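Listed here are the chains, written in short residue letters.
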Amino acid sequence: MIQFDQVTKRYPGGNEALKNLSFAIDSGEMVFLAGHSGAGKSTLLKLIAGIERATSGGVLVNGQNLSKLRPSQLPYVRQHIGLVFQDHKILFDRPVFDNVMLPLNIIGFDRRDAAKRVRAALDKVGLLGKEKAMPIHLSGGEQQRLCIARAVVHRPSILLADEPSANLDRAYALDIMELFKSFHQVGVTVVISAHDETLMEDYGRRIIRLREGQFAA
Ligand code: ADP
Ligand code: ADP
């Protein structure tokens, strides 16, 4: 489902963020990505999402080699991916419901079905009662759950989360992990990065550890 074949990513300026990495993630697997800041976690997730391109090597997602895809084909790959990334900001000028609706508007989803989908996604993350609330009135944990609802509203087969628990207290962070587990349990492939490995230990899942763009022991 996700396969890296000797992937190197060098950013303009010569910084090698990933060095000759090969690995695979099975369909439906839940995998953690660990490593200190700068280890290459975000870069790895961005390559899977097609946000960045490998400098060399192959990145296969759902059988498509992203390194060879024309830019015009990328949106089709993206439709199967949900992203919980720090730079995907909540829009604070509109209510919770509209924030989650946004991705469906972009892909031109039928309006009536879309509203149903939005409510299903909010229900899933425990925010159904807050659909009319403005995001500013949500707690940090609730805002993160809003981001997750927005990431899954189009029912992606792959869910990528870049340090989703970074700014949360431990109890909230564990709630978020449980939520990701619930998506894994319905068959979604889930890849979550974190620098705090203690959050991952209870799950008995594979942990891919990165250090300076390579696998760490
Ligand atoms: P992590 O997510 O583990 O903190 P990143 O993937 O963000 O790691 O970064 C890996 C390395 O690539 C770091 O040395 C970082 O400075 C560098 N890097 C990340 N993004 C860019 C960029 N857009 N341009 C240049 N260097 C970058
Ligand atoms: P419904 O019949 O309610 O429209 P489905 O039968 O398609 O929903 O899905 C069953 C349940 O699994 C729903 O609660 C749905 O939200 C959830 N689900 C299925 N796939 C995904 C996904 N990729 N991401 C999030 N939730 C999903």
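Computed from a predicted structure; not experimentally measured.

## Thoughts on the site of ligand 2
Taken together, Lys-124, Arg-155, Pro-156, Phe-183 and Val-188 make up the full set of residues adjacent to ligand 2. Between Lys-124 and ligand 2, the recorded distance is 3.5 Å, taken from a side-chain N or O atom to a nitrogen atom. A distance of 2.7 Å separates a nitrogen atom of ligand 2 from a polar atom in the backbone of Pro-156. Protein coverage of the free-state accessible area of ligand 2, which is 550 Å², stands at 51%. By residue class, the composition of the shell around ligand 2 is 3 nonpolar, no polar and 2 charged.

## Overview of the site of ligand 1
Neighbouring ligand 1 are Tyr-11, Asn-15, Ala-17, His-36, Ser-37, Gly-38, Ala-39, Gly-40, Lys-41, Ser-42 and Thr-43. One of the side-chain N or O atoms of Thr-43 is found 2.5 Å from an oxygen atom in ligand 1. Summarising the interface, the protein chains cover 64% of the accessible area of ligand 1, which totals 560 Å² for the free molecule. It is helix α1 (residues 41-49) that provides the largest number of residues to the shell around ligand 1, a total of 3 residues.

## Some details on the side chain of Glu-142
Inspection of the secondary structure assignment puts Glu-142 in helix α5 (residues 140-152). The contact partners of Glu-142, leaving out residues within four places of it in the chain, are Leu-127, Lys-130 and His-137.

## So, the pairing of strand β2 (residues 16-25)
Judged from the 6 bridges that link them, strand β1 (residues 2-10) and β2 form a sheet pairing that is antiparallel. Paired with Val-7 across the two strands is Leu-21, which belongs to β2.

## Points about the UniProt feature "domain: ABC transporter" (unreviewed entry) in the protein
Here the UniProt-annotated "domain: ABC transporter" (unreviewed entry) positions come out as residues 2-216. As annotated, residues 2-216 comprises 32% helix and 26% strand, and the C-alpha atoms at either end are separated by 20 Å.

## A word on the sheet that holds strand β9 (residues 206-211)
Strands sit in the order β6-β7-β8-β3-β9-β10 across an open sheet of 6 strands; the sheet is mixed. Looking along the sheet, the strands with just one partner apiece sit at the ends: β6 (81-84) and β10 (214-215). Where strand β3 (residues 30-34) and β9 come together, 4 bridges link them in parallel fashion. Across the sheet, the residue bridging to Ala-34 is Arg-209, located in β9. Seen against the sheet, α1 touches β3, β6, β7 (158-162), β8 (189-194) and β9 and runs at an angle of roughly 155 degrees to β7. Along the sheet, helix α6 (residues 170-185) contacts β3, β6, β7 and β8; its crossing angle with β3, the most-contacted strand, is approximately 140 degrees.

## Considering α5
Over its 13 residues, α5 runs 19 Å from end to end, which matches the ideal 18 Å to within 8%, given 1.5 Å per residue. Every buried residue of α5 is accounted for by Gly-141, Glu-142, Gln-144, Leu-146, Cys-147, Ile-148, Ala-149, Arg-150, Ala-151 and Val-152. Looking at the buried residues of α5, the elements they touch are β6, α3 (96-106), α4 (111-124), β7 and α6.

## Side note on the confidence of the model for the protein
On average, residues of the protein score 95 in pLDDT, and 100% of them reach the 70 mark or higher. We note a pTM of 0.89 for the whole complex and an ipTM of 0.76 for its interfaces.

About the criteria used
Residues numbered from 1 in each chain as written. Chains lettered and ligands numbered in written order. Predicted model: local features only at pLDDT ≥ 70, side-chain atom pairs only at ≥ 80, totals over all residues. Heavy atoms only, no water. Near = heavy atom within 4 Å. Polar contact = N/O pair within 3.5 Å; in protein donor to acceptor, adjacent residues only side chain to side chain. Areas by Shrake-Rupley, 256 points an atom, 1.4 Å probe, with all protein chains shown as cover. Nonpolar A, V, L, I, M, F, W, Y, C, P; charged D, E, K, R; others polar. Helix = DSSP H or I, 4+ residues; strand = E, 2+ residues; numbered from the N terminus. Contact = heavy atoms within 4.5 Å. Pairing = 2+ DSSP bridges. UniProt positions renumbered as here; feature names shortened; annotations may be inferred. Axes fitted to C-alpha atoms, helices over the stretch in contact; angles between N-to-C directions. Expected span 1.5 Å × (residues − 1). Buried < 20%, exposed > 50% of the residue type's maximum accessible area, 1.4 Å probe, protein only. pLDDT = per-residue confidence, 0-100.

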